[in-house]
Protein chains: 2
Amino acid sequence: MATIAFIGLGNMGGPMAANLAKAGHTVKAFDLSSKALEIAAEQGCQIADSAQQAATGVDFVISMLPAGKHVEGLYVSGDQPLFDLVEKHTLVIDCSTIDAETARRVAAAGAEKGIGFIDAPVSGGVGGAQAGTLTFIVGGSDAQFELAKPVLDNMGKNIFHAGDHGAGQIAKVCNNMLLGILMAGTCEALNMGVKNGLDPAVLSDIMKQSSGNNWALQVYNPVPGVMDGVPASRDYQGGFQVDLMFKDLGLAMEVSQQSAAATPMGSAARALFNLHKSAGNGGLDFSSLIKLYQDAE
Amino acid sequence: MATIAFIGLGNMGGPMAANLAKAGHTVKAFDLSSKALEIAAEQGCQIADSAQQAATGVDFVISMLPAGKHVEGLYVSGDQPLFDLVEKHTLVIDCSTIDAETARRVAAAGAEKGIGFIDAPVSGGVGGAQAGTLTFIVGGSDAQFELAKPVLDNMGKNIFHAGDHGAGQIAKVCNNMLLGILMAGTCEALNMGVKNGLDPAVLSDIMKQSSGNNWALQVYNPVPGVMDGVPASRDYQGGFQVDLMFKDLGLAMEVSQQSAAATPMGSAARALFNLHKSAGNGGLDFSSLIKLYQDAE
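So, how was this worked out
- Residues numbered from 1 in each chain as written.
- Chains lettered and ligands numbered in written order.
- Predicted model: local features only at pLDDT ≥ 70, side-chain atom pairs only at ≥ 80, totals over all residues.
- Heavy atoms only, no water.
- Helix = DSSP H or I, 4+ residues; strand = E, 2+ residues; numbered from the N terminus.
- Rg over C-alpha atoms; globule rule 2.2 N^0.38 Å.
- Contact = heavy atoms within 4.5 Å.
- Areas by Shrake-Rupley, 256 points an atom, 1.4 Å probe, with all protein chains shown as cover.
- Lys, Arg positive; Asp, Glu negative; His and termini not counted.
- Charge placed at Lys NZ, Arg CZ, Asp CG, Glu CD.
- Salt bridge = Lys/Arg side-chain N within 4 Å of Asp/Glu carboxyl O.
- Buried < 20%, exposed > 50% of the residue type's maximum accessible area, 1.4 Å probe, protein only.
- Core = buried A, V, L, I, M, F, W, Y, C linked by side-chain atoms within 4.5 Å.
- Least-squares fit on C-alpha atoms with pLDDT ≥ 70 in both.
- UniProt positions renumbered as here; feature names shortened; annotations may be inferred.
- Axes fitted to C-alpha atoms, helices over the stretch in contact; angles between N-to-C directions.
- Parallel < 35°, antiparallel > 145°, perpendicular 65-115°, else oblique.
- Left-handed = near helix turned anticlockwise from the far one by under 90°.
- Nonpolar A, V, L, I, M, F, W, Y, C, P; charged D, E, K, R; others polar.
- Buried area = accessible area lost by both parts, 1.4 Å probe.
- Polar contact = N/O pair within 3.5 Å; in protein donor to acceptor, adjacent residues only side chain to side chain.
- Pairing = 2+ DSSP bridges.
- Right-handed = clockwise from strand over helix to strand, strands pointing away.

Asker: Pulling in residues and values, what's your account of the overall build of chain A?
Answerer: In terms of regular secondary structure, chain A is built from 13 helices and 9 strands. For 297 residues, the compact-globule estimate of 2.2 N^0.38 gives 19 Å, and chain A sits close to it at 20 Å. With the principal axes as the frame, chain A shows a C-alpha extent of 65 × 45 × 35 Å. The long-range share in chain A, meaning contacts at least 24 apart out of those at least 6 apart in sequence, stands at 63%. Summed over all atoms, the accessible surface of chain A reaches about 11,200 Å², with 50% contributed by carbon and sulfur. Once the 18 positive and 29 negative side-chain charges of chain A are each reduced to a mean point, those two points are 1 Å apart.

Structural data, given as C-alpha cells:
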C-alpha cells in the first residue's frame with residue numbers, strides 16, 4: 001500500500017480519492033473547499049492543511065483540477081510550486097483534462113528537477129469515478145506507466161498507455177471530439193426520423209443493430225423515454241454537462257490549430273454545442289443537444 | 001415454398017436471388033444484363049424473358065434497382081407497368097434504396113389497384129447479400145410485414161418493421177446519414193491523433209473502449225493495417241463505394257428539405273464525401289475518406 005497525496009476533491013476527485021482510501025492506501029487529501037475536505041475525511045482520507053503539506057513524503061501525488069492553468073500553477077508557476085518540494089522518488093499523476101501542450105511543458109519542468117510527471121486523463125464521468133470503473137488514458141514512459149498502473153487500477157477498469165508525455169491528453173481529446181460528433185449525429189438522425197413519423201425507440205433499435213451503431217445509441221440515448229437511467233430520462237440532469245463538452249471541443253480546436261489537423265466535423269459539432277450553450281443549456285447533460293434540433297412545441 | 005419474381009440481379013440482387021433459390025423457392029429472375037441472367041441460372045433461378053413475364057403468376061415480386069425512377073418506371077409509369085398485370089394476391093417487396101416520397105407514391109399507386117407494395121431497403125453490403133445476413137428495414141402494414149418476413153428471413157439476419165409505407169426508406173436514410181457522420185468523425189479523430197504522434201491502432205483501441213466507440217472502430221477501421229479484412233487493408237477496393245455514400249447523403253438532404261429536419265452534421269459529411277469524390281475517389285470504399293484528411297506525402 002502506498003502513501004498518496006490527492007489534490008482536487010471535486011465531483012470526480014472526491015470519489016476517486018475515496019476509492020484509494022477504501023483500497024487501503026494512505027491518502028493525504030487537499031482541496032480549497034472545506035466541505036470537500038469534510039467529505040474526504042468521512043471517506044477515510046487524512047486531511048492536509050495545504051497542497052504543499054499533502055505532497056511531502058508521499059509515493060504519489062495525484063491531481064484532478066479544472067484546467068491547464070491550475071495544473072501549471074500548482075506544480076510550476078504558483079507561489080510554492082510543488083516541484084520545489086516533491087521528493088524525487090515521488091511520481092506525479094495528473095488526471096485533469098487539460099491541453100497536451102501544457103501537459104508536456106509541466107512534464108518537462110518536472111523532469112528538469114528529476115521528478116516524474118505523467119498525464120492520465122479519465123473517461124467515465126462521476127458514475128465511473130464513484131464505482132471505480134473509470135478509463136485512464138496515460139501519457140508517459142513505459143516505466144512510469146507500470147509504476148502508476150496498480151494505483152490507477154484502484155480507481156478504474158481500463159488503464160491505457162497512449163504513448164509518451166501528452167499522449168494521454170491527445171487521445172482523450174480525440175475521443176471526446178468523436179463523442180461530440182457522434183452525439184450530434186445521433187440527435188440529428190433520430191430527430192429526422194421522428195419528424196418523418198418514425199418511433200424513436202424503433203429507429204434507435206434499427207440503427208443500433210446496423211452501421212449507425214455507436215456509444216450514444218448503446219448506453220446514452222438522447223430521446224427521453226427510450227432508455228432507462230440516462231440523463232435524457234431525467235430532464236437531462238446529471239451526466240456530462242454541455243459546458244464540459246464545449247470545453248473539450250475547444251481543446252480539440254487547439255490541437256487542430258497547433259498540428260494543422262483538419263476538423264470539419266469537430267468544428268461543426270463545437271458550433272452546435274455553442275449554440276445550445278448560448279440558449280442557456282450549459283448546465284444540462286450534453287445529450288440535451290437534441291433540443292436544438294426539435295421544433296418548438 | 002413460394003414462387004418469387006426477382007427483378008434486378010446486380011451485385012446485391014444477384015446473391016439475394018441465389019439465396020432464395022437455395023432456400024427452395026421457385027425464383028423467376030430478370031435483369032437487362034444477359035451475363036447477370038446466366039449467373040442467376042447457374043445459381044438455380046429460372047430465367048424470364050422480361051420483367052412482365054417474371055411477375056405474372058407469382059406470390060411475391062422482389063425488386064432491387066438503382067434509384068427511385070427505375071422503381072416507379074417498372075411498376076407505375078413505364079411502357080408495360082407491372083401494376084397493370086401483377087395479380088392481387090401478389091405482394092411486391094422493393095428492396096432498392098430510394099427516396100421515401102417515391103416509395104409512398106408507388107405504394108399508393110399499387111393500393112389503388114389492390115396490389116400490396118412495401119419498401120424493404122437493406123443494409124449489410126455485398127458480403128451480407130452473399131452470406132444471407134442482410135438487415136432489412138421494412139415500411140408497410142403489420143399484415144404485409146408478417147407476410148414478407150419468412151421470405152426476407154431467407155436473405156437476411158435482422159428483419160425490422162420500421163413503420164408504415166416509406167418508413168423503411170426513412171430509417172435507412174437516417175442510418176446511412178449517421179454512418180457517413182461517424183465515418184467522417186472517426187477518420188478525423190484518428191488523423192488528428194496520428195498527426196500528434198499516436199499509434200492509430202492504440203488510439204482505435206482506446207476509443208473503441210471509451211465513449212467514442214462506433215461501428216467504424218468496431219468493424220471497419222479506415223486506417224490501413226489496423227484491422228484485417230477491411231477495405232482499408234486492401235487499398236480501399238470493394239466495400240461500400242464513396243459514390244453510394246454520396247447518393248445516400250443526397251437522399252438524406254431530400255428528406256431534410258421535405259421535412260425541415262435540420263442536418264448540420266449530415267450536410268458537413270456530405271460536403272466531405274463530395275470533395276473526396278471530386279478528387280477522383282468515387283469508386284473507392286467510403287472509408288478512404290481518411291485520405292482527404294491526410295497530409296500529402
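Asker: Help me get a handle on the environment of I159 of chain A, residues and values and all.
Answerer: All names here are of chain A. You can see I159 is positioned in strand 9 (residues 156–163). Expressed as a C-alpha distance, the spacing of I159 and L198, which sit 39 residues apart in the sequence, is 40 Å. When near neighbours in sequence (up to four residues on either side) are disregarded, I159 contacts F136, V138, F145, K149, L152 and D153.

Asker: Can you explain the pattern of salt bridges? Please cite residues and give values.
Answerer: Taken as a whole and assessed by the stated rule, the structure comprises 12 salt bridges over all chains. Between E72 of chain A and R105 of chain A there is a salt bridge, and its shortest N-O distance comes to 2.8 Å. In this pair, E72 of chain A is assigned in helix 4 (residues 68–77) and R105 of chain A in helix 5 (residues 100–112), connecting sequence segments 33 residues apart. For K149 of chain B, the salt bridge goes to D153 of chain B, with nearest N and O atoms at 3.2 Å. A residue pair is termed a helical-turn pair when its members lie 3 or 4 positions apart in one helix, as K149 of chain B and D153 of chain B do in helix 7 (residues 142–153) at 4 residues.

Asker: Help me get a handle on unusual backbone geometry, residues and values and all.
Answerer: Residue and element names in this part refer to chain A. Of note, the phi angle at D235 is positive, near 60°, even though the residue is not glycine. You can see D235 is positioned in the loop between helix 10 (215–219) and helix 11 (242–259). Looking at D235, the relative accessible area reads 62%, which means it is exposed.

Asker: Kindly report on the side chain of N158 of chain B, identifying the contributing residues and their values.
Answerer: Here N158 of chain B is to be found in strand 9 (residues 156–163). Residues contacting N158 of chain B, with those up to four places away along its chain left out, are Q209 of chain A together with L134, T135 and F136 of chain B.

Asker: I'd like a rundown of the nonpolar core, residues and numbers included.
Answerer: Ranked by size, the top nonpolar core spans 102 residues in total, and within it M265 and F286 of chain A together with M265 and F286 of chain B carry the most contacts. If we ignore the near neighbours within four places in the chain, the residues touching M265 of chain B are I181, A184, G185, E188, M265, A268, A269, L272 and Y293 of chain A together with I181 of chain B.

Asker: If you had to explain the relation of the copies chain A and chain B to someone new, which residues and values would you point to?
Answerer: Laying chain A over chain B is done by rotating through 180° and shifting 0.0 Å along the axis; what remains is an RMSD of 0.0 Å. Such a combination of turn and shift is consistent with a two-fold rotation axis. No C-alpha of chain A approaches the rotation axis more nearly than that of N214 of chain A, which lies at 1.9 Å. Same-surface contact between copies: 100% of interface residues of chain A are shared with the interface of chain B.

Asker: How would you summarise the UniProt feature "domain: 6-phosphogluconate dehydrogenase NADP-binding" (unreviewed entry) in chain A if you had to cite specific residues and measurements?
Answerer: Per the UniProt entry, the sites bearing "domain: 6-phosphogluconate dehydrogenase NADP-binding" (unreviewed entry) are residues 3–163 of chain A in this numbering. Taken end to end, residues 3–163 of chain A has its terminal C-alpha atoms 26 Å apart, with 40% of it in helix and 25% in strand.

Asker: Please provide a residue-by-residue account of the UniProt feature "domain: 3-hydroxyisobutyrate dehydrogenase-like NAD-binding" (unreviewed entry) in chain A, values included.
Answerer: When the UniProt feature table is mapped onto this chain, "domain: 3-hydroxyisobutyrate dehydrogenase-like NAD-binding" (unreviewed entry) is found at residues 166–293 of chain A. As a span, residues 166–293 of chain A carries 65% helix and 0% strand, and end to end its C-alpha atoms are 36 Å apart.

Asker: Give me the packing of helix 9 (residues 200–208) of chain A against helix 8 (residues 167–195) of chain B: which residues, what numbers.
Answerer: Running from N to C, helix 9 of chain A and helix 8 of chain B point in directions that differ by 55°, and their axes come no closer than 10 Å. The orientation of helix 9 of chain A relative to helix 8 of chain B falls into the category oblique. Handedness of the helix 9 of chain A/helix 8 of chain B crossing: right-handed. From helix 9 of chain A, L203, I206 and M207 of chain A reach across to helix 8 of chain B, where they touch A171, C174, N175 and L178 of chain B. For the contact of helix 9 of chain A with helix 8 of chain B, a count of residues per class yields 6 nonpolar, 1 polar and no charged.

Asker: Describe the interface of chain A and chain B, naming the residues involved and giving the relevant values.
Answerer: Listed per partner, the contact involves 60 residues of chain A and 60 residues of chain B. Between chain A and chain B, the buried area comes to about 4,700 Å², and carbon and sulfur atoms account for 68% of it. Sorting the residues of chain A by area buried against chain B places M192, S211 and M265 of chain A first, and these three jointly supply 16% of that buried surface. The interface formed by chain A and chain B holds 0 salt bridges in total. At the boundary of chain A with chain B, the tally comes to 18 residue pairs in polar contact (both at pLDDT 80 or more).

Asker: Before we move on, can you summarise the pairing of strand 4 (residues 60–63) of chain A with the specific residues and values?
Answerer: Residues and elements named next belong to chain A. Taking every second residue as pointing to the same face, both faces of strand 4 are buried, with F60 and I62 on one and V61 and S63 on the other. Pairing of strand 4 with strand 5 (residues 91–94) involves 4 bridges; the strand directions are parallel. Bridge pairing in strand 5 links V61 to V92. Regarding topology, helix 4 serves as the crossover connection from strand 4 to the parallel strand 5, and that connection is right-handed.

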